[in-house]
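# An overview of the molecular structure
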Amino acid sequence: MNYFRPHWITQRLMNTVFLSTGLILIGAFGLYFSTIIRNPYTVLYPSALILGAVCFLLLKNRQSTSDFTYDTNITKLVLAGFFVVFFLLVTQYYEAGFWRTNGVFYLTFSLYILAGLYIITGGRTPIALFLVCAAGLTTRITALYASREYIGVDIYGHSPPIQSIAAEGTLETFATSKYFYAPFYHIQAAQGQLLFDVGTKEALTLTTMLSVVIVPALIVFVVTNRLWNRQIALLASLLYTGSDEAINWGVHLIPTSLGIAFFSISLLSVLLYYVKGDRRAFVVFIGSIAALMLTHQISLFISATLVLGFSLAIIAYTLQLPAKVTHISLFTGFAVLVDFMVTGYGGPDGSETFFQRILGTFIASLMMADTDARPEVAFPADPNISPGGAAAMADIQLLGSSLLLFFAILGALFWLHSSDETDLIFVALCLGVAVTMLLVFTLVFPMIGMRNLIPSRWWAFTYILLAIFAAPGLMFFAKQVGSVLPRPDVASPILLVTLLIPFVVLMGGAADASADDPFIDEGFSATRLGITDTEQALGKHTNEYDPETVPIVSDSHYPYTSGTASMDYKDPQSLASKDPMLVANREYMSKKPAMYRVQFEHGPARVFGGVPIGQLNPSYKSTVYDNGDDELLWVRRR
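What counts as what
Residues numbered from 1 in each chain as written. Predicted model: local features only at pLDDT ≥ 70, side-chain atom pairs only at ≥ 80, totals over all residues. Heavy atoms only, no water. Helix = DSSP H or I, 4+ residues; strand = E, 2+ residues; numbered from the N terminus. Buried < 20%, exposed > 50% of the residue type's maximum accessible area, 1.4 Å probe, protein only. Contact = heavy atoms within 4.5 Å. Areas by Shrake-Rupley, 256 points an atom, 1.4 Å probe, with all protein chains shown as cover. 1 Å grid on protein atoms, 1.4 Å probe; cavity = no way out; pocket = protein on both sides within 12 Å on 5 of 7 lines; lining within 4 Å. Points joined across faces, edges and corners; volume = space filled by probe spheres on them. Pairing = 2+ DSSP bridges. Phe/Tyr/Trp six-rings, centres within 6.5 Å; stacked < 30°, edge-to-face > 60°. Nonpolar A, V, L, I, M, F, W, Y, C, P; charged D, E, K, R; others polar.

## Topic: the overall build of the chain
- A count of helical and extended segments in the chain gives 22 helices and 9 strands.
- Seen through its C-alpha atoms, the chain measures out along the principal axes to roughly 80 × 55 × 55 Å.
- Counting all 638 residues of the chain, 57% fall into the buried class.
- Residue pairs at least 24 apart in sequence account for 73% of intrachain contacts in the chain once pairs closer than 6 positions are excluded.
- Summed over its atoms, the accessible surface of the chain is roughly 26,500 Å², and 62% of this surface lies on carbon and sulfur atoms.

## Things to note about empty space enclosed by the protein
- Enumeration according to the criterion identifies 5 cavities of 30 Å³ or more in this entry.
- Here the second largest cavity defines a volume of roughly 50 Å³.
- Together, A143, I151, I247, N248, V251, H252, D512, A513, S514, A515 and D516 line the second largest cavity.

## Overview of the sheet that holds strand β2 (residues 552-554)
- Strand order in the open sheet made by the 5 strands is β3-β2-β5-β9-β8, with mixed pairing throughout. At either end of the open sheet lies a strand with only one pairing partner, and these are β3 (563-564) and β8 (621-626).
- One ladder, built from 2 bridges, connects β2 with β3; its direction is parallel. Residue pairing in the sheet places V553 in a bridge with G563 of β3.

## Re the sheet that holds strand β7 (residues 603-608)
- Pairing is mixed in the open sheet, where 4 strands are placed in the order β1-β7-β6-β4. Looking at strand neighbours, the two that pair on one side only are β1 (386-387) and β4 (566-568), the edges of this open sheet.
- For strand β6 (residues 595-600) and β7, the ladder comprises 6 bridges, and the chain directions are antiparallel. Among the inter-strand pairings, F600 is bridged to a residue of β7, identified as G603.

## Concerning the packing of aromatic side chains
- With the rule as written, the count across this model stands at 36 aromatic pairs.
- Residues Y41 and W459 carry aromatic rings whose centres are separated by 5.7 Å and whose planes lie at 15 degrees to one another, so their mutual orientation is stacked. Here Y41 is found in helix α3 (residues 40-59), whereas its partner W459 is found in helix α20 (residues 459-482), with 418 residues between them in sequence.
- Consider the rings of F441 and W458, whose centres lie 4.9 Å apart with planes at 15 degrees: the pair is stacked.

## Focus on unusual backbone geometry
- Although it is not a glycine, F98 sits at a positive phi angle of roughly 60 degrees.
- By the element assignment, F98 lies in the loop between α4 (72-95) and α5 (102-120).
- Phi at L319 is positive, roughly 55 degrees, even though this residue is not glycine.
- Among the structural elements, L319 can be located in the loop between α14 (297-318) and α15 (323-342).

## Some remarks on the pairing of strand β5 (residues 581-585)
- Where burial is concerned, most of β5 is hidden: 5 out of the 5 residues are buried.
- Here β5 shows no split at all, with M581, V583 and N585 on one side and L582 and A584 on the other all buried.
- When β2 meets β5, the two strands line up parallel, connected through 2 bridges. Along β5, the bridge assignment pairs I552 with L582.
- Sheet analysis places β5 next to strand β9 (residues 631-635), joined by 5 bridges and oriented antiparallel. For A584, the partnering residue across the bridge sits in β9 and is L632.

## A look at the layout of surface pockets
- Of the voids in this model, the second largest pocket is the one considered here, and its volume is about 1,200 Å³.
- Together, 39 residues line the second largest pocket, and L23, I26, L49, I409 and T436 are the ones closest to its centre.
- Per-element tally for the lining of the second largest pocket: the top contributor is helix α19 (residues 422-447), with 11 residues.
- Split by residue class, the lining of the second largest pocket holds 33 nonpolar, 6 polar and no charged.

## Some remarks on the side chain of H541
- Within the secondary structure, H541 sits in helix α22 (residues 533-542).
- When sequence neighbours within four positions are dropped, the list of residues in contact with H541 reads V624, Y625 and L632.

## Notes on the environment of A135
- Structurally, the position occupied by A135 is in helix α6 (residues 125-144).
- Under the relative-accessibility criterion, A135 is labelled buried at 0%.
- Sequence-wise, A135 and L44 are 91 residues apart; in three dimensions their C-alpha atoms are separated by 28 Å.
- Once residues within four sequence positions are removed from consideration, A135 is found in contact with F82, L111 and Y112.

## Overview of the pairing of β6
- Pairing of β4 with β6, which is carried by 3 bridges, proceeds in the parallel orientation. Paired with D568 across the strands is Q599, a residue of β6.
- From the end of β6 to the start of β7, which pair antiparallel, there are 2 residues.

Dropping the structure here:
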C-alpha cells in the first residue's frame, strides 16, 4: 500500500475529543445564528452536529455487541417478502391510475426497510445490491410516471434538443444553443430514443435514470467496502439511494443527474490513485473530468471542489506537497479553467464566457454579501406568502437530511477513534475535508446571500460522502445503544431496523423526493410538480392559442404557459391589466405551494402562497374553457 505518512501535528489535531468539542462549538454558533436567520438549516443542522458529537462522547467507551447473528431462513423470508411487497406496490399503483397514493408510498418505504433487513440478516451481496437498486428505481419510476408530463422545471428546456437530435439525426440544434459546449446528456438521451424506439421520457428513464441510480449506488458500496466491511458498505448504498436528493435527481432527469454519476466515478478513481498509486485510476479520473466538461459545468466545479478538498487534506496530513496532489490538482484546475473560458455563456453567440459570467456574479454577490440579503430578513412578515429557498421549508422537510448528518458525524468520529491504521485515517480525513468544503458552498455562502453557484444542486453530490460516513455511524449507534438493552445480540439489529424506518419515511416522503405529489406536504415549498390528467387537458387547450398574440400565464411551475402570473403586493386586482391575457387557472394555482411573481417596493420577487385569482373582480375575467377542475380564463381590466 502506498499511503501517505501523517505528520505528528496532524495526528494530535485529529484527537476525537478535540474534534467533538470543535463540532459542538460550531453547532452552538449555528444555533446562535438561527436567532438572526431562522430556517430549518440554521436550526436542524447545528443540532445534528451537537447531538452527533455528544452521542459519540457518551458511547465511545462502551463495550459494543459483537457482529450480528442471523438465521438463513429469516433471510429467505425477507427476500420473499420484498417481492410480495413489490407485487402489491405495482398492483396498487396501477389501480390508482398510475398515481402515488398513500398506500403506494407505504409500500415503497417497505421496500427500503426490507432491503435493509436483508442486509442486516446477512444476505448475499449481489442480491442485496439488486434489492437496493430495485427499491431505488421503483421509487423513481413510479414518481416520474405519476405525472402526465415530466417532473421538474429545467427538463422542459432540455427535451426539445433531444427530440430534435432524434428526429433530424444531426447536432444542428446546438448551433446557437446554450448547450453547444455540453451536449453529452442530450446526445445520450437521443441515442436511447433511437436505439430503443421509445419517447423522450422513456429514453431518459433507460439512460439517465439508470446511470444516476446504479452508478452511485455501486461506487458508494465499493468505496465503503474497501474501508469497512460488506454489511456497512451495503447500508451506505441503501442510505444514499433512499435519500431525498438522490431520489430528486433520479426523477428530475437533467444534466445534473448525469453529472452525479460522473462525479461518483471521479471520487472512486481519485481515491484509488491516491491510495494505491494506480495509473489506470488516473486515466479513469481524466475520463470522468472530460465527461463532466461535456455534460454540466456546475457538476464539473463540484468535482473540482472535491479534488481541492482532497488536496488540502493531504497537505494538512503530511505538511508536504506530494507529487500525486500536484498531478491531480493541476489537471483538474486546468480542465475547469479551459472549460469555463471556452464556454460561451448562453451559447456560441454569447457576449461573455462562462468564466466571466460566474466571476462577475460572484464578485457582485461578494460585494453585496450580507445577512440582510437573506429573504428571511428582507421579506415582509406576511403569513400568506413566503420567499423561495430555505425560508419556505418546514422543519420536517429537513429531518431526514439532518438524520443523515447526525449519523455521518457519529461515523466520522467513530472512524477516527476506532482505527489505528494510517490508510483508514488518511481516507477519513480526505473525505471529511472534502465534505466540509461542499457544505461550505451549500450552507455558508447562501447564508450571506451568495447563490450564483446554485447550491441547491450540490446536495446529491454531498450526500455521497455523507452516506459513506453515516453507514458506520448508524451501525456504531445501534451496537452501542443495543449493548445496554436485554439480549444485545437481538436488540442491536432490531434497533438498526427501527432507526431505518424514520430515515426512509422522512427522506422518501420529503417534498424533494416526492415532487410528483409530496407525501410530507408541510411548508410553502412542498410543491407538486406532477401534472394531472385534467391539467394536461387544459394544457392541450392552451396550445390552440398563439402566445405571441395573447400571453398565457399561470403559476410558475405549470409548463404550458408563456409566462408567470404577476401582481402588486396586496393588490389582487393588479393581476389584470388593460392588455388582455389568458390565465391557465388550474385548481392547484390557488394552493399554498403555488409560486408566482409579486412586485414589492424594492422590486419583483417570486413567492409561494397561491395566486389569489379568486379575489379578482368578476368583471375582469371570463371563462374560455372549463373541464370541471381546471379552467382557462380571459382576463382584462375594464
